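Here are the chains, one letter per residue:
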Amino acid sequence: MTPISKNFTLEEMISSATAMDNHIDNTPSAEALANLQLLVDKVLQPVRDLYGKPIHVNSGYRSVKLNKEVRGAVNSQHIQGRAADISVGGRVANKALFDLIRGSGIAFDQLIDEYDYRWVHVSYRESGNRGMVLHLK
Ligand SMILES: [Zn+2]
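The written sequence of each chain sets the order in which its residues are numbered from 1. The predicted nature of this model means local features are confined to residues of pLDDT at least 70 and side-chain atom pairs, given and counted, to a pLDDT of 80 or more, with totals for whole chains, interfaces and linings taken over all residues. As a convention, hydrogens and water are excluded, and side-chain values are obtained from all of the structure's heavy atoms.

The next thing to look at is the coordination of the zinc ion. Geometry reference: four tetrahedral donors at a metal, ideal angle 109.5 degrees. Six octahedral donors, ideal angles 90 or 180 degrees. Keep in mind that water is not among the atoms, so a site may look incomplete; donors are the N, O and S atoms within 2.8 Å of the metal, or 3.2 Å for Na, K and Ca. Distances from the zinc ion to its protein donors, H78 (NE2), D85 (OD) and H121 (ND1), fall within 2.0 to 2.1 Å. Here the term buried applies to any residue with accessible area under 20% of the maximum for its type, exposed to any over 50%, and partly exposed to those in between, with areas from a 1.4 Å probe on protein chains only. Taking the relative accessible area as the measure of exposure, H121 reaches 6% and is therefore buried.

Here it is as C-alpha coordinates:
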(Lines give C-alpha, C1' and ligand atoms only; values in the text may rest on other atoms or scores of the structure.)
Protein backbone atom coordinates (compact mmCIF):
# COMPACT_ATOMS: atom_id res chain seq x y z
CA MET A 1 0.00 0.00 0.00
CA THR A 2 1.22 3.43 -0.92
CA PRO A 3 -0.35 6.22 1.14
CA ILE A 4 -0.67 9.50 -0.75
CA SER A 5 -2.42 11.34 2.06
CA LYS A 6 -3.54 10.69 5.64
CA ASN A 7 -6.50 8.56 4.54
CA PHE A 8 -6.02 7.72 0.86
CA THR A 9 -3.74 5.30 -0.93
CA LEU A 10 -2.51 5.27 -4.50
CA GLU A 11 -4.02 1.81 -4.93
CA GLU A 12 -7.56 2.93 -4.21
CA MET A 13 -7.18 5.78 -6.70
CA ILE A 14 -6.18 3.48 -9.56
CA SER A 15 -7.54 0.02 -8.81
CA SER A 16 -10.41 -1.27 -10.90
CA ALA A 17 -12.16 -4.61 -10.93
CA THR A 18 -13.07 -4.01 -14.58
CA ALA A 19 -9.43 -3.39 -15.46
CA MET A 20 -8.39 -6.59 -13.68
CA ASP A 21 -11.15 -8.67 -15.26
CA ASN A 22 -10.23 -7.43 -18.72
CA HIS A 23 -6.44 -7.36 -18.23
CA ILE A 24 -6.36 -3.63 -18.87
CA ASP A 25 -3.24 -1.78 -17.79
CA ASN A 26 -4.42 1.08 -15.58
CA THR A 27 -1.05 2.56 -14.66
CA PRO A 28 -1.26 6.35 -14.68
CA SER A 29 1.25 8.55 -16.48
CA ALA A 30 3.37 10.92 -14.40
CA GLU A 31 0.99 13.71 -15.35
CA ALA A 32 -2.12 11.75 -14.35
CA LEU A 33 -0.38 10.79 -11.12
CA ALA A 34 0.31 14.44 -10.33
CA ASN A 35 -3.34 15.24 -11.01
CA LEU A 36 -4.47 12.43 -8.71
CA GLN A 37 -2.27 13.76 -5.95
CA LEU A 38 -3.74 17.22 -6.42
CA LEU A 39 -7.28 15.81 -6.36
CA VAL A 40 -6.54 14.03 -3.09
CA ASP A 41 -4.73 16.97 -1.50
CA LYS A 42 -7.22 19.65 -2.53
CA VAL A 43 -10.52 17.79 -2.43
CA LEU A 44 -10.68 14.22 -1.17
CA GLN A 45 -8.61 14.59 2.00
CA PRO A 46 -10.23 17.92 3.00
CA VAL A 47 -13.65 16.34 2.39
CA ARG A 48 -12.60 13.28 4.41
CA ASP A 49 -11.44 15.50 7.27
CA LEU A 50 -14.72 17.38 7.22
CA TYR A 51 -16.87 14.26 6.91
CA GLY A 52 -14.99 12.47 9.66
CA LYS A 53 -15.67 8.96 8.38
CA PRO A 54 -14.22 6.72 5.65
CA ILE A 55 -15.02 7.59 2.05
CA HIS A 56 -14.96 4.83 -0.54
CA VAL A 57 -13.41 5.56 -3.93
CA ASN A 58 -15.38 3.60 -6.54
CA SER A 59 -13.32 4.87 -9.45
CA GLY A 60 -10.45 7.30 -9.73
CA TYR A 61 -7.95 7.21 -12.58
CA ARG A 62 -9.02 5.45 -15.77
CA SER A 63 -6.78 4.72 -18.71
CA VAL A 64 -8.43 5.45 -22.07
CA LYS A 65 -9.03 1.74 -22.55
CA LEU A 66 -10.61 1.30 -19.13
CA ASN A 67 -12.74 4.40 -19.60
CA LYS A 68 -14.04 2.91 -22.84
CA GLU A 69 -14.75 -0.38 -21.12
CA VAL A 70 -16.87 1.29 -18.42
CA ARG A 71 -18.54 3.51 -21.04
CA GLY A 72 -17.21 6.71 -19.51
CA ALA A 73 -17.59 9.99 -21.37
CA VAL A 74 -14.96 10.39 -24.11
CA ASN A 75 -13.61 13.54 -22.46
CA SER A 76 -13.97 12.16 -18.92
CA GLN A 77 -11.75 13.84 -16.35
CA HIS A 78 -11.08 10.38 -14.90
CA ILE A 79 -8.69 9.84 -17.85
CA GLN A 80 -6.54 12.74 -16.67
CA GLY A 81 -6.65 11.65 -13.04
CA ARG A 82 -8.70 14.71 -12.21
CA ALA A 83 -11.88 12.98 -11.02
CA ALA A 84 -13.10 10.42 -8.52
CA ASP A 85 -16.41 8.68 -7.99
CA ILE A 86 -16.95 8.37 -4.27
CA SER A 87 -19.60 6.88 -2.01
CA VAL A 88 -20.25 6.42 1.67
CA GLY A 89 -23.10 3.93 1.54
CA GLY A 90 -26.64 4.37 0.27
CA ARG A 91 -28.36 7.26 -1.45
CA VAL A 92 -29.25 9.13 1.74
CA ALA A 93 -25.67 9.11 2.97
CA ASN A 94 -24.32 9.99 -0.47
CA LYS A 95 -26.70 12.95 -0.72
CA ALA A 96 -25.52 14.17 2.69
CA LEU A 97 -21.92 13.90 1.46
CA PHE A 98 -22.81 15.76 -1.74
CA ASP A 99 -24.48 18.55 0.23
CA LEU A 100 -21.52 18.71 2.59
CA ILE A 101 -19.06 19.15 -0.30
CA ARG A 102 -21.30 21.65 -2.02
CA GLY A 103 -21.50 23.86 1.05
CA SER A 104 -17.95 23.34 2.28
CA GLY A 105 -16.16 26.06 0.38
CA ILE A 106 -13.72 23.41 -0.88
CA ALA A 107 -12.91 24.28 -4.50
CA PHE A 108 -13.89 21.74 -7.17
CA ASP A 109 -14.34 21.73 -10.91
CA GLN A 110 -17.44 19.55 -11.12
CA LEU A 111 -19.60 17.99 -8.43
CA ILE A 112 -22.05 15.54 -9.94
CA ASP A 113 -24.88 13.60 -8.34
CA GLU A 114 -24.83 10.44 -10.46
CA TYR A 115 -28.16 8.70 -10.89
CA ASP A 116 -29.96 9.92 -7.79
CA TYR A 117 -26.92 9.67 -5.52
CA ARG A 118 -25.78 6.18 -6.46
CA TRP A 119 -22.39 7.83 -6.17
CA VAL A 120 -20.87 11.30 -6.22
CA HIS A 121 -18.41 12.42 -8.90
CA VAL A 122 -16.01 15.17 -7.96
CA SER A 123 -13.20 16.67 -10.01
CA TYR A 124 -10.45 19.21 -9.56
CA ARG A 125 -7.97 20.96 -11.81
CA GLU A 126 -4.92 22.98 -10.97
CA SER A 127 -6.53 26.19 -12.21
CA GLY A 128 -9.84 27.39 -13.53
CA ASN A 129 -12.08 25.27 -11.35
CA ARG A 130 -15.65 25.98 -12.39
CA GLY A 131 -17.54 24.96 -9.27
CA MET A 132 -20.19 23.29 -11.43
CA VAL A 133 -22.93 21.35 -9.63
CA LEU A 134 -24.83 18.84 -11.76
CA HIS A 135 -27.43 16.12 -11.39
CA LEU A 136 -27.23 13.20 -13.82
CA LYS A 137 -30.42 11.19 -14.24
ZN1 LIG B 1 -17.03 10.02 -12.41
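On to the pairing of strand β3 (residues 110-114). Runs of E in the DSSP output that reach at least two residues are strands. Runs of H or I that reach at least four are helices, and both are numbered from the N terminus. Within β3, 5 of the 5 residues are buried, leaving the element largely enclosed by the surrounding structure. Residue alternation in β3 divides its side chains into two sets, Q110, I112 and E114 and L111 and D113, and both sets are buried. We call two strands paired when DSSP finds no fewer than two bridges between them. Direction of pairing for β3 relative to strand β5 (residues 132-136): parallel, over a ladder of 5 bridges. Bridge pairing links I112 to L134 in β5. Bridging between β3 and strand β4 (residues 119-123) involves 4 bridges; their strand directions are antiparallel. In the strand pairing of β4, I112 is matched with H121.

On the basis of which strands lie adjacent, the open sheet formed by 5 strands has the order β1-β2-β4-β3-β5 and mixed pairing. Each edge of the open sheet carries a strand with a single partner, namely β1 (56-59) and β5. In this sheet, adjacent strand axes meet at a mean angle of 30° when their direction is disregarded. Fitted lines through C-alpha atoms serve as axes, helices being fitted only where they are in contact, and the angles separating the N-to-C directions of these axes extend from 0 to 180 degrees.

Between 30 and 60 degrees the pair is tilted, below 30 it is stacked and above 60 it is edge-to-face, where a pair is any two Phe, Tyr or Trp rings, Trp via its six-membered ring, whose centres lie within 6.5 Å. A full pass over the atoms with the stated rule returns 2 aromatic pairs. Consider the rings of F98 and Y117, whose centres lie 5.4 Å apart with planes at 80°: the pair is edge-to-face. Residue F98 is located in helix α5 (residues 91-102), and its partner Y117 is located in the loop between β3 and β4; the two are separated by 19 residues in the primary sequence. Both residues of the pair, F98 and Y117, count as buried. Their ring planes at 65° and their centres at 5.6 Å tell us that Y115 and W119 sit as a pair that is edge-to-face. Accessibility expressed as a relative area gives 34% for Y115, which makes it partly exposed. Taking the relative accessible area as the measure of exposure, W119 reaches 18% and is therefore buried.

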